[in-house]
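Secondary and tertiary structure notes
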Amino acid sequence: MSEKIALTPATHTTPPAKFSHGVKKGNILQVAGQVGFLPAAPGRPPTPAGPTLREQTLQTFANVRAILEEGGATWDDVMMMRVYLTDVDHFAEMNEIYNAYFEEQGLTAPAAARTTVYVGLPKGLLIEIDALAVLN
């Protein structure tokens with residue numbers, strides 16, 4: 001049986017509760033919900049990338065990608081993504097950002113399945129994304 005490994009890239013701070021940013025067991029990698037915090041810096045608390053949906057979404061993708069890469073995965077390995085938005089009016093803009101981002105990634109595999117839900121997040125945060133990857 002394979003060992004379960006916690007994944008915390010250097011860009012991430014220690015989680016604020018008893019969970020891992022990512023967990024890998026065998027060929028399965030689960031990325032915990034990530035938000036648009038800027039990369040970790042000594043002495044600086046977690047800080048959102050900016051006030052706009054675009055800034056936060058692009059930083060959230062960077063944060064998810066950092067965990068995927070820490071676990072040896074790429075966007076092509078992602079089977080499922082869940083996007084959590086705080087405002088239903090952000091859906092169309094998020095789709096535009098999402099589509100443009102993945103166009104730039106040069107995926108060679110079919111796009112991941114995706115679900116979008118509306119939630120409450122801490123003040124100032126507009127989006128959260130988690131991902132499930134299966135490595136070859």
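Preceding this paragraph is the structure being described.
Now for a quick tour of the structure. (Residues numbered from 1 in each chain as written. Predicted model: local features only at pLDDT ≥ 70, side-chain atom pairs only at ≥ 80, totals over all residues. Heavy atoms only, no water.)

A few words now on the side chain of His90. Here His90 shows up in the loop between β4 (78-85) and α2 (91-104). Non-local contacts of His90, meaning those with residues more than four positions away in its chain, are made with Leu53, Leu85 and Leu126. (Helix = DSSP H or I, 4+ residues; strand = E, 2+ residues; numbered from the N terminus. Contact = heavy atoms within 4.5 Å.)

Membership of the largest hydrophobic core comes to 25 residues, with the highest contact counts inside it found for Leu29, Phe61, Leu68, Trp75 and Met81. At the level of elements, β3 (28-35), α1 (53-70), β4, α2 and β6 (127-134) are the ones that each hand at least two residues to this core. Leave out the neighbours within four places in its chain, and Leu68 touches Leu29, Val31, Ala73, Thr74, Trp75, Val78 and Ala133. (Core = buried A, V, L, I, M, F, W, Y, C linked by side-chain atoms within 4.5 Å. Buried < 20%, exposed > 50% of the residue type's maximum accessible area, 1.4 Å probe, protein only.)

This next bit is on a nonpolar patch on the surface. A cluster of nonpolar residues, Ile28, Met79 and Val134, forms a patch on the protein surface that exposes about 250 Å² of accessible area. Position of Met79 among the secondary structure elements: in strand β4. (Patch = residues over 30% accessible without salt bridge, like charges linked within 9 Å, V, L, I, M, F, W, Y side chains within 5 Å. Areas by Shrake-Rupley, 256 points an atom, 1.4 Å probe, with all protein chains shown as cover. Salt bridge = Lys/Arg side-chain N within 4 Å of Asp/Glu carboxyl O.)

Take α1 next. Owing to its 3.6 residues per turn, the α-helix aligns residues three or four sequence positions apart on the same side. Between the first and last C-alpha of α1 there are 26 Å, a value that for 18 residues agrees with the 26 Å anticipated at 1.5 Å per step. Every buried residue of α1 is listed here: Leu53, Gln56, Thr57, Gln59, Thr60, Phe61, Asn63, Val64, Ala66, Ile67 and Leu68. Contacts made by the buried residues of α1 are with β1 (4-7), β2 (22-25), β3, β4, α2 and β6. Note on α1: the residue one or two positions beyond its end, Gly72, has a positive phi of about 80 degrees. (Expected span 1.5 Å × (residues − 1).)

Let us look at the packing of aromatic side chains. One pass over the structure, following the stated rule, counts 8 aromatic pairs. Judged by centre distance (4.3 Å) and plane angle (15 degrees), the ring pair of Phe61 and Tyr101 falls under stacked. One end of the pair, Phe61, is in helix α1; the other, Tyr101, is in helix α2, with 40 residues separating them in the sequence. Each member of the pair Phe61 and Tyr101 is classed as buried. Ring-pair connections join several aromatic residues into one group, and the members of that group are Phe61, Trp75, Tyr98, Tyr101 and Phe102. (Phe/Tyr/Trp six-rings, centres within 6.5 Å; stacked < 30°, edge-to-face > 60°.)

Looking now at the packing of α1 against α2. Close contact between α1 and α2 brings their axes to 10 Å; oriented N to C, the two are set at 45 degrees. Judged on the interaxial angle alone, α2 and α1 are oblique. The handedness of the crossing between α1 and α2 is right-handed. Contacts from Leu53, Arg54, Thr57, Leu58, Phe61 and Arg65 of α1 reach α2 at Glu93, Met94, Ile97, Tyr98, Tyr101 and Phe102. In the contact of α1 with α2, the residues fall into 8 nonpolar, 1 polar and 3 charged. (Axes fitted to C-alpha atoms, helices over the stretch in contact; angles between N-to-C directions. Parallel < 35°, antiparallel > 145°, perpendicular 65-115°, else oblique. Left-handed = near helix turned anticlockwise from the far one by under 90°. Nonpolar A, V, L, I, M, F, W, Y, C, P; charged D, E, K, R; others polar.)

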